[in-house]
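Each chain is listed here by its residues.
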Amino acid sequence: MKINIKQNENEVIVSLQGELDTVATTKMSEELDRVKDLADQNLIIDCKEMEYISSSGLRFFMQLKRNSEQRGGSVKLCNLNEDVEEIFRLSGFHHIFSLES
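Residues numbered from 1 in each chain as written. Predicted model: local features only at pLDDT ≥ 70, side-chain atom pairs only at ≥ 80, totals over all residues. Heavy atoms only, no water.

In this structure asparagine 81 caps helix H4 (residues 82-91), since a side-chain oxygen of it lies 3.0 Å from the backbone nitrogen of aspartate 83. At the exit of H4 stands glycine 92, carrying a positive phi of roughly 85°. (Polar contact = N/O pair within 3.5 Å; in protein donor to acceptor, adjacent residues only side chain to side chain. Helix = DSSP H or I, 4+ residues; strand = E, 2+ residues; numbered from the N terminus.)

To continue, consider the packing of aromatic side chains. Aromatic ring pairs are defined here through the distance separating the ring centres and the angle between the ring planes. Inspection of the entire model under this criterion finds six aromatic pairs. Look at phenylalanine 61 and phenylalanine 88: their rings are 6.1 Å apart centre to centre, the planes differ by 40°, and that puts the pair in the tilted class. One end of the pair, phenylalanine 61, is in helix H3 (residues 55-70); the other, phenylalanine 88, is in helix H4, with 27 residues separating them in the sequence. Note on phenylalanine 88: relative accessible area 0%, which makes it buried. Consider the rings of phenylalanine 61 and phenylalanine 97, whose centres lie 6.2 Å apart with planes at 65°: the pair is edge-to-face. Of this pair, phenylalanine 61 sits in helix H3 while phenylalanine 97 sits in the loop between H4 and strand S5 (98-100), and the two are 36 residues apart along the sequence. Grouping aromatic residues by their ring pairs yields a cluster made of Phe60, Phe61, Phe88, Phe93 and Phe97. In this structure, lysine 65 packs its charged tip against the face of phenylalanine 97, placed 5.7 Å from the ring centre. (Phe/Tyr/Trp six-rings, centres within 6.5 Å; stacked < 30°, edge-to-face > 60°. Buried < 20%, exposed > 50% of the residue type's maximum accessible area, 1.4 Å probe, protein only. Lys NZ or Arg CZ within 6 Å of the ring centre and 35° of its normal.)

Taking 1.5 Å of rise per residue, 16 residues should cover 22 Å, and H3 covers 22 Å from first to last C-alpha, within 8% of that figure. Those residues of H3 that fall on the buried side of the exposure criterion are Ser56, Gly57, Leu58, Phe60, Phe61, Leu64, Lys65 and Ser68. Residues of H3 that are buried in the fold lie against strand S2 (11-20), helix H1 (22-27), helix H2 (29-37), strand S3 (42-53), strand S4 (74-78) and H4. Once H3 finishes, glycine 72 follows within two positions and takes phi at roughly 90°, a positive value. (Expected span 1.5 Å × (residues − 1). Contact = heavy atoms within 4.5 Å.)

On to the pairing of S3, then. Note that S2 and S3 share nine bridges and pair parallel. When the bridges of S3 are listed, glycine 18 appears paired with methionine 50. As judged from the five bridges shared by S3 and S4, these two strands associate in the parallel manner. Directly across from aspartate 46, in S4, lies its bridge partner cysteine 78. Viewed along the sheet, the connection from S3 through H3 into S4 turns out right-handed. (Pairing = 2+ DSSP bridges. Right-handed = clockwise from strand over helix to strand, strands pointing away.)

Right, dumping it as structure tokens:
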């Protein structure tokens, strides 16, 4: 998993590449915590190159959304591939998150 973070005045764009699974969330915890620290801003999570998300990845997104809303920010997910979007739909997360193409 690779994470690229771009920050401007109004928003933070986080691009994910690879698989967001238990191993990735553990190995990337420092960078993922950096994303959580930006939760008071509008976060756009670009999933264009994310190949897979596990339950621990979904849990990370829930924590991110909770932190963001508590600080007055928002989280939008965009560019999900069919497989990742299906995981969001099967888990019911499509009702929780704003998913954009």
